[in-house]
Amino acid sequence: MEIPFQLRQAMEDGTCVLFVGAGMGHYMVDENQNAIPDGTALAKKLTEKFSVPVSGDSYDLTKVSQYIEMKHGGRTQLVAFIRECLIDANPSDSFMWIPSVKWKAIFTTNYDNVIQKAYDQYPSPNLNYVTITRSTGIKDFDPKLELPIFHLHGALFEEGSPNIIITQQDYVKFKEQRRMMFEHLKHYMAASCVLYIGYSHNDSNWNSLLTEIEEEFYPADIPVAYRVDPYTSALDTELLKARNIITISQKFDEFVNDAKLQVVTSDAQKISLEELRSHIPVDFRDSEELNPASALRLFSSWDYVNNGLENGQLKPDVHNYVRGDKPTWGTVFNDMYFTRDVEDEMYDSLLDYATETKNRTRVCMLSAPAGYGTSTLLMVLASRLVKDRAGQVFFHRNPTELREGDVFYALSLDSSQRKIFFIDNAADYTNIIRRILFKARESNHAVLIVLGDRRNEWAQARTQITGDTFEIQPLSDTEIERLIDFLSKYNELNKLEHLDREHQIAAIRRNYNRELLVSVREATEGNNIEAIIEDEYFGIKDEFSRRAYAIICCFHQHGSLLRIELLSSLLEVSVVQLYDKIKGFLDGVVQFECINERRGEYAARARHRIIASIVWERCLDAGTQDEIIHLAVDKMNILHRLDKAAFESFIRSDRFVDSLRTLESKIRFFEKACKKDPDNPYVRQHYARMYVRSDIESSALRTIEEAIQMNGSIRSLYHTKGYILYHMAMSSESTEVGRRRLVQSEEAYFTGLKIDDRDEYMYQGLAQLYLGWVSKQKDGEEERTIYLAKAEDIINKGLKKSRNKEGLWIESSNVDKLLGNNLGRIHSLEKAVSDAPGSIISRYLLAKAYNFNSQIDKGIKLLSELTRDNPDEYRPAIEYALSIIRSGGTMDNAIAVLNQSTLYGYSDAYFVATFGGLLFLNKEFERADVVFNEAIRREFSNARHILFNPMDVGMQCDYNAIVKYVGAGHSYVLINGFPDIICPSSKYHKLIIERGMKLKVSIAFTPLRPVVKELHKI
């Protein structure tokens, strides 16, 4: 039979997509040459093995499997038996034709690995294969060298526990993940010809598959497809043809015989080695160890920085660099950057390694607060090493996958030269970096790993990776001088241009302890950074482009890049239409990164995470934020690595989740997340945490129990369970019920300690539990004493066992606080800071303890350092500002401190009340109104409560006033030099307020406005 021309041509030019169904079991054999069971035969075997009550010959695999899972205690026995039935499956002679053709992709609903075995056994396959399931996600592969094999229903013989879709409930549970897999399928089928083998037209799996494909393409027709099946009736053949599916009425082995004669395959389809070598840097093309596939994978994830020295065409871009974007390689190779003080010291350390004679594995770490220029300095150091010909330098391309195999393949190339690897955003890859270092030391490799990240993210990762550590400090006087020279050289002084040198220095010094990006933008544009970015955002005249920018910032504030395909889906346009619509509107505002050069894939980001955060927090109202968050979760395909990373950032961020306006919105967010990733216990863990923060503890407990049922070996789940039960114990009105919850909480923490008895969080949780119970029991001194002793005992055990002791020292300070031992509390907190000098919380608590103990100078010094390093942490900023007031400092200084922390501070009602209140008292009424308006914009639930009383920090807020207006249940008073102030009553105690009455009033502040707190008649 003649094979249709379109199908034959697609198989010859590598654009044909192959679907393999269960019917191909007839062409798979065991060691005795017996055929492997197809779907119906497998259901029959399961029925006989597990005594499933089936009537007649109705062997439905999904129903039979569901029954076995219900009646035989889960799916362990079910999966084990199916593995046993399929483990010996091998390809027949006819099946071995498959690897002779260069397919664009292979999709299968089978659980076996016979396709992979065929490729393993074929002497010269056109491509290597990559197995992809919903569990593995979409792997990175080179379509020139590798063939993706998609197991739509899971693969039994992949590494890790098999996660197959087989029962009726599975099809419901994993509906969303199947949709995401079919979304990828659509990408392959859109411009391809499709061939189905092993599918009967009566096969329920086939009909379900076809329906889902048609739904994915609707309202367009599916591409032309062909199916090999000799048993289709004339009626069904015509009906399928109307659906764009042409039936080839042959048995598969007959089709293969014809294909071997008619389809030209093998060497004609292979890519030449020379074509592949052209994509590999010149330094490695002649290496004896060169493996083109491995080399292409390496250089798709790493920049080979030495190429920059040879490539004189690299273009610098100072304009966007000054406005917050990371520099291009052209910028750093042409020395068009601003030099930091720490650069030479760190470079000398790197050069020491490059010139030493011993084979050693070394680590250098560079950290700084966000926006201090960590990425820039890493790139500068890499370029200097190349210029000095110190070795072969590789710079990881974030956010591509970091693979240890790439590092060791690079080490195998040209062993005569030192290898230096730079990894930015290193906290995202700590486990892989640890494995790389371990293997490199074990194999005695000479390698230097240079790491960089935000200081707080590196500290939170608790990496236990040791090496030389360097930090970028706030701008020094010499750096300010160099910065001005740099801006002047490239005509970027803007509003500083016509100032004398002294005033230029003063303008930058005003923000010397803030992010470099912030200092430069505020000084050169004469406005605060939030106002600059807001003007920039609202200056985008095209509404479509402005919305695109907002969505990109939603992702990039977490450091996540947004796939162009996902962005176009969120905006309901095609990729081509997207580029056309934003052309000219987002130039210089949005950057497009190539995330996979081999497949031509791109992703979008803002110039800097700080800018993305400002756009998200300051430019969008709460309703728009809600809508974008829900839409993003709806559209994400977490089989893609970038989407998965963004998804995890979304659910992990308490601040992000809590920004959703209502409890209903938060629940809807997590219900969607659970459907997206139904087997992920961490999604439910964060769902439970949200319930706790919302004081719905019973739902929190139910949700964390579901997470533990998914995977009872994850110890952090028991910590969350203990924490929930702790809250239930503390909030219970009944002492007996509370005591039961306390015992249950204790059991959860001890279960976690059984998994790892060095887990400091478990010890800290137990200490909090015992101390909380002591505080709750106002009577019963004996019980209080018992639990105080238990707290001390568990803290001591934890200090002996745990590696990280910071949290335990904090709890030790709380013991001292309960006992009234202020000096003991300070000593414990000082130990906590000593154990974790970069910790925000321990330094914050120590500063508060100093202030409480009247050691204001020590508290102010610590808070000054803390707010300098972490301007986004608004709680220390509030404490610092109020400490300035308490110590007799000026309101101007206190206001300046709070002004640095508005990005996230505005999300907190106490911050808004305090900041607005100080501005009001300082008679900066317009600025105060802007701050108070945040309470309206953010819809604070406690907006009418007094949250800042200046008298609490020793400020004199008594004024003479005259009643200006009296209304129903409220009045207004006039204080000389101030706008009218509301009194939320028309009478005070027994005093009935009347217009014109003279009063003595004290004022305080809600997040909405100043209010009269107390008054009496003069």
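Thresholds applied
Residues numbered from 1 in each chain as written. Predicted model: local features only at pLDDT ≥ 70, side-chain atom pairs only at ≥ 80, totals over all residues. Heavy atoms only, no water. Helix = DSSP H or I, 4+ residues; strand = E, 2+ residues; numbered from the N terminus. Buried < 20%, exposed > 50% of the residue type's maximum accessible area, 1.4 Å probe, protein only. Contact = heavy atoms within 4.5 Å. Areas by Shrake-Rupley, 256 points an atom, 1.4 Å probe, with all protein chains shown as cover. Lys, Arg positive; Asp, Glu negative; His and termini not counted. Charge placed at Lys NZ, Arg CZ, Asp CG, Glu CD. Pairing = 2+ DSSP bridges. Axes fitted to C-alpha atoms, helices over the stretch in contact; angles between N-to-C directions. Phe/Tyr/Trp six-rings, centres within 6.5 Å; stacked < 30°, edge-to-face > 60°. Lys NZ or Arg CZ within 6 Å of the ring centre and 35° of its normal. Polar contact = N/O pair within 3.5 Å; in protein donor to acceptor, adjacent residues only side chain to side chain. Core = buried A, V, L, I, M, F, W, Y, C linked by side-chain atoms within 4.5 Å. Salt bridge = Lys/Arg side-chain N within 4 Å of Asp/Glu carboxyl O. Expected span 1.5 Å × (residues − 1). Parallel < 35°, antiparallel > 145°, perpendicular 65-115°, else oblique. Left-handed = near helix turned anticlockwise from the far one by under 90°. Nonpolar A, V, L, I, M, F, W, Y, C, P; charged D, E, K, R; others polar.

Right, let's talk about the overall build of the chain for a bit. When its secondary structure is counted, the chain shows 47 helices and 25 strands. Reported as C-alpha extents along the three principal axes, the dimensions of the chain are approximately 110 × 70 × 60 Å. Here the chain holds 1018 residues, and 55% of them are scored as buried. Long-range contacts, defined as pairs at least 24 residues apart, comprise 67% of the intrachain contacts of the chain with a sequence gap of at least 6. Total accessible area on the chain stands at roughly 44,900 Å², and carbon and sulfur atoms take up 47% of it. Between the mean site of the 124 positive side-chain charges and the mean site of the 144 negative ones, the chain shows a separation of 4 Å.

Overall, mixed pairing links the six strands, which are arranged β10-β12-β13-β14-β11-β15 in an open sheet. Pairing within the sheet leaves two strands with one partner each, and these edge strands are β10 (302-304) and β15 (468-471). Between one strand and the next, the sheet's axes are offset by a mean angle of 20°, whatever the strand orientation. By the bridge criterion, eight bridges tie strand β11 (residues 361-368) to strand β14 (residues 447-454) in an arrangement that is parallel. Each residue of the ladder has a partner; that of Leu366, found in β14, is Gly452. Against the sheet, helix α17 (residues 374-387) touches β11, β12 (392-396), β13 (419-423) and β14, its axis set at about 160° to β12.

Under the definition given, this model contains 46 aromatic pairs. With 5.2 Å between their ring centres and 65° between their planes, Tyr27 and Phe252 make a pair best called edge-to-face. With Tyr27 in the loop between β1 (16-20) and β2 (28-29) and Phe252 in helix α10 (residues 252-262), this residue pair connects regions lying 225 residues apart in the sequence. Comparing Tyr27 with Phe252 shows no difference in burial state: the two are buried. Note that Lys581 overlies the ring of Phe544, its terminal NZ or CZ placed 4.9 Å from the centroid.

Moving on, we get to the side chain of Thr62. Considering the arrangement of structural elements, one finds Thr62 in helix α3 (residues 61-71). Among the polar contacts listed, one links the side chain of Thr62 to the side chain of Asp60, at a separation of 2.5 Å. If we ignore the near neighbours within four places in the chain, the residues touching Thr62 are Ile166, Thr167, Gln168 and Tyr171.

Judged by nonpolar contacts, the single largest core of 187 residues is most densely connected at Phe19, Tyr196, Ile213, Tyr549 and Phe555. If we skip the residues at most four places from it in the chain, Phe555 touches Ser560, Leu561, Leu562, Leu566, Leu570, Ala632, Met636, Ala646 and Phe650.

Covered by surrounding structure in strand β4 (residues 105-108) are Ala105 and Phe107 together with Ile106 and Thr108, the residues of both alternating faces. Of the strand pairs in this sheet, β1 and β4 are connected by four bridges, and their pairing is parallel. The residue bridging Phe19 from the neighbouring strand is Phe107, located in β4. Looking at chain direction, β4 and strand β6 (residues 146-151) are connected through three bridges and run parallel. When the sheet's bridge partners are listed, Ile106 is paired in β6 with Ile149.

Taking strand neighbours across the sheet as the criterion, the seven strands line up as β5-β6-β4-β1-β7-β8-β9 in an open arrangement whose pairing is parallel. Edge positions in the open sheet fall to β5 (128-133) and β9 (245-248), since each of these has one partner strand only. When the angles between neighbouring strand axes are averaged without regard to direction, this sheet yields 20°. Contacts from helix α1 (residues 5-13) reach β1, β7 (193-197), β8 (225-228) and β9 within the one sheet, and its direction differs from that of β7 by about 95°.

A word on the environment of Ile508. Residue position: Ile508 is located in helix α22 (residues 501-509). It is 27 Å that separates the C-alpha atoms of Ile508 and Gly888, two residues lying 380 residues apart in sequence.

Below, the discussion takes up the pattern of salt bridges. Counted according to the given criterion, the structure contains 56 salt bridges. Its salt-bridge partner being Lys676, residue Glu176 comes within 2.7 Å of it at the nearest N-O pair. Of the two residues, Glu176 is situated in helix α7 (residues 175-189) and Lys676 in helix α32 (residues 663-676); the sequence distance between them amounts to 500 residues. Taken as a pair, Glu176 and Lys676 share a single burial class, namely buried. The partner of Glu746 in a salt bridge is Lys790, with the nearest N and O atoms 3.0 Å apart. Note that Glu746 is positioned in helix α36 (residues 735-755) and Lys790 in helix α38 (residues 781-801), a separation of 44 residues in sequence.

Looking now at the environment of Asn851. Secondary-structure assignment places Asn851 in helix α41 (residues 840-852). The spatial distance from the C-alpha of Asn851 to the C-alpha of Ser883 is 7.6 Å, given a sequence separation of 32 residues. Residues contacting Asn851, with those up to four places away along its chain left out, are Ile856, Gly859, Ile860, Leu863, Glu879, Ser883 and Arg886.

The terminal C-alpha atoms of helix α43 (residues 874-886), which comprises 13 residues, lie 18 Å apart, in line with the 18 Å expected from a rise of 1.5 Å per residue. Summarising burial for α43: eleven of the 13 residues are buried, a large majority. Turning to α43, its buried residues are Tyr874, Pro876, Ala877, Ile878, Glu879, Tyr880, Ala881, Leu882, Ser883, Ile884 and Ile885. Looking at the packing, one finds that the buried side of α43 touches α31 (654-658), α41, α42 (856-869), α44 (891-899), α45 (902-905) and α46 (909-921). Just past α43, the residue Gly888 takes up positive phi, approximately 90°.

Our focus in this paragraph is unusual backbone geometry. In the segment running from Asn398 into Pro399, the intervening peptide bond is cis, with an omega of 10°. Relative to the helices and strands, Pro399 is located in the loop between β12 and α18 (404-412). Positive phi, normally seen in glycine, also occurs at Asp335, with a value near 55°. Structurally, Asp335 can be placed in the loop between α15 (329-333) and α16 (342-355). Judged by its relative accessible area of 43%, Asp335 is partly exposed.

Further remarks concern the packing of helix α35 (residues 715-731) against α36. As a packed pair, α35 and α36 sit with axes 8 Å apart at the nearest point and diverge in direction by 165°. Taken together, the axis directions place α35 and α36 in an arrangement best described as roughly antiparallel. Here the hand of the crossing between α35 and α36 comes out left-handed. Facing α35, whose interface residues are Arg715, Tyr718, His719, Lys721, Gly722, Tyr723, Leu725, Tyr726, Met728 and Ala729, α36 presents Gly738, Arg741, Leu742, Gln744, Ser745, Ala748, Tyr749, Thr751, Gly752 and Ile755. In terms of residue class, the contact of α35 with α36 is built from ten nonpolar, seven polar and three charged.

For Met891, the position within the fold is in helix α44. Note on Met891: relative accessible area 18%, which makes it buried. Along the primary structure Met891 and Ala881 are separated by ten residues, whereas in three dimensions their C-alpha atoms are 8.3 Å apart. If we ignore the near neighbours within four places in the chain, the residues touching Met891 are Ile885, Leu918, Leu921, Asn922 and Met955.

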